[in-house]
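In case you want the letters, here they are:
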Amino acid sequence: MAGNEWINGYLEAILDSGAAAIEEQKPATVNLRERGHFNPTQYFVEEVVTGVDETDLHRTWIKVVATRNTRERSSRLENMCWRIWHLTRKKKQLEWEELQRLAKRRWEREQGRKDATEDLSEDLSEGEKGDALAELAQADTPTETPSKTFQRNFSNLEVWSDDKKEKKLYIVLISLHGLVRGEQMELGRDSDTGGQVKYVVELSRALAKMPGVYRVDLFTRQISSPEVDWSYGEPTEMLTAGSEDADGNDVGESSGAYIIRIPFGPRDKYLHKELLWPYIQEFVDGALAHILNMSKVLGEQIGGGQPVWPYVIHGHYADAGDSAALLSGALNVPMVLTGHSLGRNKLEQLLKQGRQSKEDINSTYKIMRRIEAEELSLDAAELVITSTKQEIEEQWGLYDGFDVKLEKVLRARARRGVNCHGRYMPRMVVIPPGMDFSNVVVQEDAPEVDGELATLVGSIDGSTPKAMPAIWSEVMRFLTNPHKPMILALSRPDPKKNITTLLKAFGECRPLRELANLTLIMGNRDDIDEMSGGNASVLITVLKLIDKYDLYGLVAYPKHHKQSDVPDIYRLAANTKGVFINPALVEPFGLTLIEAAAHGLPMVATKNGGPVDIQRALNNGLLVDPHDQLAIADALLKLVSEKNLWHECRKNGWKNIHLYSWPEHCRTYLTRVAACRMRHPHWQTDTPGDEIAAEESSLNDSLKDVQDMSLRLSVDGDKYSSLNGSLDPVAASAGAPELQDQVKRVLSRIKKPETNTKETEVGKLENVPSKYPILRRRRRLIVVALDCYDSKGVPEKSMAQTVQNIFKAARLDTQTAKVTGFALSTAMPISETLDFLKSAKIQVNDFDALICSSGSEVYYPGIHTEENGKLVPDPDYASHIAYRWGYDGLKKTICKLMNPEGEDSKGSSSPVKEDVKSSNAHCVAYFVNDPSKAKRVDDLRQKLRMRGLRCHPMYCRNSTRLQAVPLLASRAQALRYLFVRWRLNVANMFVLVGESGDTDYEELISGAHKTLIMKQVVQKGSEGLLRTTDLRNDIVPAESPLISSIKGGATADEIANALNVLSKASL
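What counts as what
- Residues numbered from 1 in each chain as written.
- Predicted model: local features only at pLDDT ≥ 70, side-chain atom pairs only at ≥ 80, totals over all residues.
- Heavy atoms only, no water.
- Helix = DSSP H or I, 4+ residues; strand = E, 2+ residues; numbered from the N terminus.
- Contact = heavy atoms within 4.5 Å.
- Areas by Shrake-Rupley, 256 points an atom, 1.4 Å probe, with all protein chains shown as cover.
- Pairing = 2+ DSSP bridges.
- Right-handed = clockwise from strand over helix to strand, strands pointing away.
- Axes fitted to C-alpha atoms, helices over the stretch in contact; angles between N-to-C directions.
- Buried < 20%, exposed > 50% of the residue type's maximum accessible area, 1.4 Å probe, protein only.
- Salt bridge = Lys/Arg side-chain N within 4 Å of Asp/Glu carboxyl O.
- Phe/Tyr/Trp six-rings, centres within 6.5 Å; stacked < 30°, edge-to-face > 60°.
- Lys NZ or Arg CZ within 6 Å of the ring centre and 35° of its normal.
- Polar contact = N/O pair within 3.5 Å; in protein donor to acceptor, adjacent residues only side chain to side chain.
- Core = buried A, V, L, I, M, F, W, Y, C linked by side-chain atoms within 4.5 Å.
- Domains from an automatic or database assignment.
- pLDDT = per-residue confidence, 0-100.
- Patch = residues over 30% accessible without salt bridge, like charges linked within 9 Å, V, L, I, M, F, W, Y side chains within 5 Å.
- Lys, Arg positive; Asp, Glu negative; His and termini not counted.
- Charge placed at Lys NZ, Arg CZ, Asp CG, Glu CD.
- Parallel < 35°, antiparallel > 145°, perpendicular 65-115°, else oblique.
- Nonpolar A, V, L, I, M, F, W, Y, C, P; charged D, E, K, R; others polar.
- Expected span 1.5 Å × (residues − 1).
- Left-handed = near helix turned anticlockwise from the far one by under 90°.

Caption draft 1: The arrangement of the overall build of the protein chain in detail. Across its full length, the protein chain holds 39 helices and 25 strands. Once local pairs closer than 6 in sequence are excluded, the contacts in the protein chain between residues at least 24 apart make up 72%. Counting every atom, the protein chain has about 45,500 Å² of accessible surface; 50% of that belongs to carbon and sulfur.

Structure (structure tokens):
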């Protein structure tokens, strides 16, 4: 290091990181060589580089060592030192910020819990108050473990059994990302196609075989891209045919398990999960169309003519959870959530590494959108299924929407029948994933088992060996003595899987090397240089460690294996009396441990995460600290060398493995779901008093069947009928030739009723009085959702002229005008809406529907009126959105959160003041006196969640009003209600919005409907009060054929042309 005196200063700065010297641009020079035998080189490699954990620094150091030119070496070293110095400072800064954030969060959570329990105790008697405090204290006491709680509650449930055979359940599962198919799954192809794909496919199959389950649909994305196999473009794939009844008769043509692929996003591209977020609304609308059609089909088969709604909608991962929340809200059916891996936990881990800022992490992983989706999923979920207790305590506990202590208090109140005022926490239950053990042959220990490998490989007398699996040959070609016990590790070459520590433990333990071989199954690879940085780095390190410890002939690391080879790999390890190891730093569950146990392999596993529960259940191995290299070696040596222990662990694994079978998983799953609050649409779908309207509805349903049939029968990925194209009779009648031909071809196969022509029929329909809204007869719906308000929240004068031009545009074509309806979607209450229409000289009956108060009320002008002519809101919609709505508790809490302590919410000095005129039974409304002091929607929603309150808060009318509506209500969800309730075709909805609007404006833009953005119409919206981090690009597609725009001040002709162009658009 002679001539490199400058390095000593940097080393001193690193050693004293955080001291005053580090704040200087360049630390003072100190000669470390005078301190004895200090070796700067050794310090760099062993302390700084290793401690910082920056992978590419090691590569830089290797280049430095290989550099012969003194000046170049000096330059490289200086660069490396600066990088380490800055990284150290950055890590310390991030650690400090993290501590501050966690402290603030703990305080907010405690405050939220305190406020909730105080509010809840107000309506209790003195004795009950004592009980409530005791419950909270009990929740704080760690003596009662979650497992005991779960066991006690489970004992009170009716276990799902064969007696449920008379039930005919329809279950919907959702898993959006990755490549999903039933056979030859490409697991490990990318980070999106892994264990979750296998899990949901096997769960679908297993549920379909359970008594009482008629049909299971697994929804995923349809991908018609040359990048992937053609099978991912098939709209439907059967996983399991329906079972037979007790008499051996087929239970129905639609029974069984199916993969249903819904097109959303770019049809010709395979997108990773981080890029799917803007297209979630498209999926929801497509899935809703399928469910409506299937509910009708199942109703005819098993429902006695009444629709069969999904028993439950189960979302897997954040994207599917977000979708399931919207679907369950639109259909009013229970929702279940499985997180698989969680965004907040990933964010915490990435921040601790100190390599990226929060902004950089969000840019790469879309982590904030993912976390928001997980919070929304918690709002709607009846049940959250986890694999381990650790997931509940250490991962879901990070979320605003779940608090273990408050959940116990609310559950205790519910058991006693005490009102919770709308407060709710989802129920968390541990149900370990199931496994298919049908291909596993459990062998009793016998001498011939020990000799099986020798027989297969070849015996001493030179006899011909038996045929063996190809993967055995691939593994054994690495090994000098394949008869030795095999230590097997099976995982991706991910740094978190800790393979390098395992290799060091093996390489540095001579007794272990002499007794056993090590096999590393690290995914599939062709060229390390083409792999991602983290995976490539791990593989390079593995190869270097093998060379360093001279482990040639002792370690196998094949390049390729198929999914079907995995059982053979386990069997090979078991036949050599080997051990399976999972040394991951943290393992959320550990499915491979169960697979290994099923094949008779004892285990050594990390003590962090799911393996703790698995070991407790199976009792078939040892747990170790993944950071303790010596402990890993000792555990492996113990199991390999002590044959009695090995046999005991093997037998225990086989004896207890049934706990992780799919039938056991599904039985527990259905038992838990059956305990949820069952709900479904309650309105009557058949209307015998309105036969002509029913006939018209039947025609619309037939057109939906056209779309469904085209989806099922098409075999060419490029010719799949889209949701939009195949359901547009207006475009067909206007002369879209391809669509017209398609409709004619399918309708020609349908028996036509003997009625008059369509024009005569429409004319009759217009003149038939009905107690049902004429909306149900419409084939096209134009929704005006322009948020044009002045600084006082009063509608702008230009809004009236714009609405009139929209009416004129829709009526220019007399043919389509007859089947076109209108809806107004606004944040104004009904009284102000009627005043606005009156001042604009627009007849209220020109609208078929009025969606008022930010989606909390729906009106149908012409019907649902009192004797004095006053409009009455749709009672079905009111009951539909009442789920988890607590008006009084919400009103009191918002006042407390929005106003400084001690100020009256009615005072002029407070940021908000109650707006009694705009409030209704399902809307809490406030005037916003000072928008600069108002909390953003994301901040307000966070605080409400921490107090157990679930709702949709939003700012509207140019930031002059704050409104909170029920969880299932919003302007976007109100449109889906019209779709479900009146069978309106969402593909023929045209939503007209401005360039900005209320804070729920984003939800109205994307989806399967057509959106026309009218520029320069809305001068100012309320988006500034929406959220701290701008997520619009992760909610609204940057480009979509279904979204168009038109300049401000457009004439009726220009609007008509824009609508006509949009009507021909499809995904």
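Caption draft 2: Structural detail: the pairing of strand β14 (residues 621-624). As paired strands, strand β13 (residues 603-606) and β14 are joined by four bridges and run parallel to one another. From the neighbouring strand, T606 faces β14, where its bridge partner is V624. Since β13 and β14 lie parallel, the crossover through helix α23 (residues 611-618) that links them has a hand, and here it is right-handed.

Caption draft 3: View of the sheet that holds strand β10 (residues 517-521). Strand order in the open sheet formed by six strands is β11-β10-β9-β12-β13-β14, and the pairing between neighbours is parallel. Looking at strand neighbours, the two that pair on one side only are β11 (555-556) and β14, the edges of this open sheet. Here strand β9 (residues 486-490) runs beside β10; their pairing, made up of five bridges, is parallel. Residue pairing in the sheet places I487 in a bridge with L518 of β10. Across the sheet, helix α24 (residues 629-641) touches β9, β12 (579-582), β13 and β14, and the angle it forms with β14 is around 175°.

Caption draft 4: Structural context of the pairing of strand β7 (residues 383-386). Across the two faces of β7 the burial is the same, with L383 and I385 and V384 and T386 all buried. Relative to strand β8 (residues 427-430), β7 runs parallel, the two sharing four bridges. Residue pairing in the sheet places I385 in a bridge with V429 of β8.

Caption draft 5: Layout of the pattern of salt bridges. Summed over the entire model, instances satisfying the criterion amount to 47 salt bridges. Close ionic contact of D379 with R950 constitutes a salt bridge, the shortest N to O distance being 2.8 Å. In this pair, D379 is assigned in helix α12 (residues 367-380) and R950 in the loop between α36 (937-946) and β21 (952-956), connecting sequence segments 571 residues apart. R950 carries the same exposure label as D379, and that label is buried. Between K497 and E587 there is a salt bridge whose closest N-O contact spans 3.4 Å. Of this pair, K497 sits in the loop between β9 and α18 (499-507) while E587 sits in the loop between β12 and α22 (591-598), and the two are 90 residues apart along the sequence.

Caption draft 6: Just the packing of aromatic side chains, in detail. One pass over the structure, following the stated rule, counts 12 aromatic pairs. Seen in terms of ring centroids, F807 and F822 are 4.4 Å apart; in terms of plane orientation they differ by 45°. Their pairing is tilted. On the criterion of sequence distance, the pair formed by F807 in helix α31 (residues 797-810) and F822 in strand β16 (residues 820-825) is long-range, its members being 15 residues apart. F822 matches F807 in its accessibility class, with the two residues each being buried. Here a set of aromatic residues connected by ring pairs shows up, and it is made of F219, F264 and F283. Sitting over the face of the ring of F264, R221 holds its NZ or CZ atom 5.7 Å from the ring centroid. Here R780 stacks its cationic end above the ring of F990, 5.4 Å away from the centre of that ring.

Caption draft 7: Focus on the side chain of D115. Here D115 lies in helix α4 (residues 70-121). Polar side-chain contacts of D115 include one of 2.9 Å to the side chain of R947. Apart from the residues lying within four places of it in its own chain, the contact partners of D115 are K896 and R947.

Caption draft 8: Region of interest: the nonpolar core. Judged by nonpolar contacts, the single largest core of 100 residues is most densely connected at I174, F283, L327, L331, W396, Y860 and L978. For this core, the element with the highest residue contribution is helix α8 (residues 280-302), accounting for 10 residues. Looking at which domains feed residues into this core, each of domain 2 (169-430) and domain 4 (780-884 + 968-1064) supplies at least three. For Y860, the contacting residues outside a window of four places in its chain are P773, L775, D848, A849, L871, D874, Y977, L978 and W982. Counting residues in hydrophobic clusters, the runner-up holds 73 residues, among them L490, L520, M603 and W646.

Caption draft 9: View of the side chain of E407. Structurally, E407 can be placed in helix α14 (residues 404-416). Here E407 falls in the buried class, since its relative accessible area comes to 7%. Setting aside anything within four residues of it in sequence, one finds E407 in contact with F402, M425, P426 and R427.

Caption draft 10: The confidence of the model for the protein chain, seen in detail. Across the protein chain, the average pLDDT comes to 81, with 77% of residues at or above 70. Of the regions scoring below 50 in pLDDT, residues 685-736 engages in 112 contacts with residues more than four places distant in sequence or in other chains. Per-residue pLDDT stays below 50 along residues 749-768; that stretch engages in 21 contacts with residues further than four places along the chain or on separate chains.

Caption draft 11: Summary view of the sheet that holds β21. Pairing in this open sheet of four strands is antiparallel, and the strands run β19-β20-β22-β21 from one edge to the other. Strand pairing shows two members of the sheet lacking a second neighbour, β19 (912-914) and β21, which therefore form its edges. Strand after strand, the sheet turns through a mean of 30° between neighbouring axes, direction not considered. Strand direction decides the pairing type here: β19 and strand β20 (residues 924-928), joined by three bridges, are antiparallel. When the bridges of β20 are listed, E914 appears paired with Y926. Each of β19, β20, β21 and β22 (961-965) is contacted by helix α35 (residues 887-898), which is oriented at about 20° to β20, the strand it contacts most. Strand contacts of α36: β21 and β22, with the helix running at about 155° to β21, the strand carrying the most contacts.

Caption draft 12: Looking closely at a negative patch on the surface. On the surface, a cluster of negative charge is made up of D526, D527, D529 and E530. The topology assignment puts D527 in the loop between β10 and α20 (533-548).

Caption draft 13: Summary view of the packing of helix α7 (residues 195-208) against helix α26 (residues 662-674). For the pair α7 and α26, interaxial distance at closest approach is 10 Å and the crossing angle is 80°. One element, α7, and the other, α26, form an angle in the roughly perpendicular class. Where α7 abuts α26, its residues Y199, E202, L203, A206 and L207 lie against W662, H665, C666, Y669 and L670. Grouping the constituent residues of the contact of α7 with α26 by class yields eight nonpolar, one polar and one charged.

Caption draft 14: Focus on unusual backbone geometry. Of note in the backbone geometry, D550 takes a positive phi value of approximately 55° without being a glycine. Secondary-structure assignment places D550 in the loop between α20 and β11. A positive phi angle is found at N619, which is not glycine, with a value near 55°. As for its placement among the helices and strands, N619 is situated in the loop between α23 and β14. Residue classification places N619 among the partly exposed positions, given a relative accessible area of 42%.

Caption draft 15: Quick look at the environment of K892. You can see K892 is positioned in helix α35. By relative accessible area, which is 35% here, K892 ends up partly exposed. Counting along the chain gives 773 residues from K892 to D119, while the straight-line C-alpha distance between them is 9.0 Å.

Caption draft 16: Representation of the environment of I385 within the structure. Inspection of the secondary structure puts I385 in strand β7. The sequence separation of I385 and V430 amounts to 45 residues, and the corresponding C-alpha distance is 5.9 Å. Excluding anything up to four places from it in sequence, I385 contacts H314, V336, L337, T338, G339, V429, I431 and Y669.

Caption draft 17: Layout of α12. Taking 1.5 Å of rise per residue, 14 residues should cover 20 Å, and α12 covers 20 Å from first to last C-alpha, within 8% of that figure. Most of α12 is tucked away, with 13 of its 14 residues classed as buried.

Caption draft 18: Geometry of the packing of helix α9 (residues 317-331) against α12. Axis separation between α9 and α12 bottoms out at 8 Å; the angle between their running directions is 40°. By the angle between their axes, α9 is oblique relative to α12. Two packed elements cross with a definite hand, and for α9 against α12 that hand is left-handed. Residue-level contacts link Y317, A318, G321, D322, A325 and S328 of α9 to R369, R370, A373, E374, L376, S377 and A380 of α12. For the contact of α9 with α12, the per-class residue count stands at six nonpolar, three polar and four charged.

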